[in-house]
Amino acid sequence: IGLSGYRCSGKSVLRQLLIDSGYSVFNTNSVPTGDHDANEVSFDIVINRYGKGTSYMYFIEENLRRHVETQELIIFIDSFKAYKDYELISEMFPNHAVHIWYVHASYNIRLSRYKVRDIDAGIRTQELSEHDNALDKYGMSNLIKNASYIVNMNNDKDLIIQNAIKEIQRLLNV
C-alpha cells in the first residue's frame, strides 16, 4: 500500500501509527542520496536526479526489493509522490496487489505544520504551494483518483488507526 499525499498531510504520523501497530513500512526517505542539498532542492530536481524524470522508485528499487522479500502480507510504502510511482511498483511486484491510500489534511493545517516543521527549523525555504504544484505536475491528482482508501488526518489518532486497521482487515479478506 503506497501512502500518498501532499507535504505535511500527515504521512509520517500515519507511518509511525502503522509501525506502532506492528505493520511493515518502508520509508522512501530512509535511502540516503548522499547529496548535501537533498532537503533544499525542488521535487522536480529530485525526480530528475534520482528518478529518471518520472519516479523516485527507480533510485530506491534495490532497497525496496530487499524489504519486500523479507515481509509477509501487507507492506506500506511511505510514500507515492508521482503516479509513475504506483505504476512502477505494480511493474516491480506483479504478484502483489498494489493499493494507494491518500493521506489528507486541509491546506491550512498543512501550511501550519510546514511552517513549524520545515521553514522555522531551517530545513526548507520553498513555498508549500510550489511543492504542491510540482506534485500535481507528476500526477498527484491521479494518485488521489485511484486511491482505494482516504485517511483523514484531521481526525483523532486513535480513530485514524482504528479505521486503518479495519481497512487492512477488509483488504486481507478480499
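Our subject is the structure listed above.
Residues numbered from 1 in each chain as written. Predicted model: local features only at pLDDT ≥ 70, side-chain atom pairs only at ≥ 80, totals over all residues. Heavy atoms only, no water.

Tallied over the full model, the rule gives nine aromatic pairs. With a centroid separation of 6.1 Å and an interplanar angle of 85°, the aromatic rings of Tyr23 and Phe76 are classed as edge-to-face. Here the residue Tyr23 occupies a position in the loop between helix H1 (11-20) and strand E2 (24-27), and Phe76 occupies one in strand E3 (residues 75-80), the gap between them amounting to 53 residues. An aromatic cluster is built from Tyr23, Phe76, Trp101 and Tyr149, whose rings are joined through pairwise contacts. Sitting above the plane of the Phe93 ring, Arg65 keeps its charged end 5.4 Å from the centroid. (Phe/Tyr/Trp six-rings, centres within 6.5 Å; stacked < 30°, edge-to-face > 60°. Helix = DSSP H or I, 4+ residues; strand = E, 2+ residues; numbered from the N terminus. Lys NZ or Arg CZ within 6 Å of the ring centre and 35° of its normal.)

Our next topic: the environment of Gln126. Along the chain, the position of Gln126 falls in the loop between helix H5 (107-119) and helix H6 (128-137). Take Gln126: its relative accessible area is 12%, and that puts it in the buried class. Counting along the chain gives 44 residues from Gln126 to Arg170, while the straight-line C-alpha distance between them is 39 Å. When neighbours within four sequence positions are excluded, Gln126 is seen to be in contact with Arg7, Ser42, Tyr114, Ile119 and His131. Within the structure, the side chain of Gln126 is placed 3.4 Å from the side chain of Glu130, a separation counted as a polar contact. (Buried < 20%, exposed > 50% of the residue type's maximum accessible area, 1.4 Å probe, protein only. Contact = heavy atoms within 4.5 Å. Polar contact = N/O pair within 3.5 Å; in protein donor to acceptor, adjacent residues only side chain to side chain.)

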